[in-house]
Amino acid sequence: MATSPLQLLDGTAGAGAPGSSNGDWKMHAACRGRLELFFARKAERPQARIRRQEKAKRLCDGCPVLDECRTAARNNREYGYWAGESEEDRHLLGFRVTAPIGVRARAADREEKPQDRSA
Ligand code: SF4
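Residues numbered from 1 in each chain as written. Predicted model: local features only at pLDDT ≥ 70, side-chain atom pairs only at ≥ 80, totals over all residues.

Student: Just checking my understanding: could you explain the environment of Arg-52 for this structure?
Tutor: Note that Arg-52 resides in helix H2 (residues 46-61). C-beta crowding within 10 Å serves as the criterion here: with 18 such atoms nearby, Arg-52 is assigned to the partly exposed category. Considered as a pair, Arg-52 and Phe-38 are 14 residues apart in the sequence and their alpha carbons are 7.5 Å apart. (Helix = DSSP H or I, 4+ residues; strand = E, 2+ residues; numbered from the N terminus. Buried ≥ 20, exposed ≤ 12 C-beta atoms within 10 Å, placed from the backbone.)

And the structure:
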């Protein structure tokens, strides 16, 4: 079962969760206390998402634990913006979330049902 990003970043992840077995990488996260930048609000508009993710990326670019975070997000199939990657970015790299929603669900659906090009 996936650990929530909040659990990872606030240090309450259980034993065996990504980030819990390799020490304290999450304690050095540049985003501690800034989680609102990393997860979409309800009904977030596309332009607001772009602006939010640009701000998040600036934090990630200077984060000392970017590599550890990226590995955990990919391996744990996380939602949200992690280590400079959105869910879509990870999806395109083959790290698909287990229950895609919204844009991710439509993208996954298109990949599984190739377009009928006979018309
Ligand atoms: S790389 Fe980004 S999301 Fe990951 S811990 Fe650092 S600031 Fe947070």
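Don't stop here, the text continues.
Student: I would appreciate a short explanation of unusual backbone geometry in the present structure.
Tutor: A negative phi holds for most residues other than glycine; trans holds for most peptide bonds. Backbone geometry places Ala-43, a non-glycine residue, at a positive phi of 60°. Assignment of secondary structure puts Ala-43 in the loop between helix H1 (5-10) and H2. Residue Ala-43 is classed as exposed on the basis of its C-beta count, with 6 C-beta atoms lying within 10 Å. Positive phi is not limited to glycine here, since Arg-77 has a value of about 50°. Within the element layout of this structure, Arg-77 appears in the loop between helix H3 (66-75) and helix H4 (87-92).

Student: Whenever I open this one, the site of the ligand confuses me. Can you help?
Tutor: As a matter of local geometry, the ligand sits amid Ala-29, Ala-30, Cys-31, Phe-38, Leu-59, Cys-60, Cys-63, Val-65, Leu-66, Cys-69, Trp-82 and Ala-83. Looking at the shell around the ligand residue by residue, the class counts come to 12 nonpolar, no polar and no charged. (Near = placed C-beta within 6 Å. Nonpolar A, V, L, I, M, F, W, Y, C, P; charged D, E, K, R; others polar.)

Student: Please clarify how the nonpolar core should be interpreted in this entry.
Tutor: Here is a general trend for soluble globular proteins: nonpolar side chains tend to be buried in one another's company. Membership of the largest hydrophobic core comes to 13 residues, with the highest contact counts inside it found for Phe-38, Cys-69, Ala-73, Trp-82 and Ala-83. Mapped onto this core, the elements with two or more residues apiece are H2 and H3. Broken down by element, the residue count for this core peaks at three residues, all from H3. (Core = buried A, V, L, I, M, F, W, Y, C linked by C-beta atoms within 7 Å.)

Note that every value here comes from positions in space, so none of it alone points to a role or purpose.
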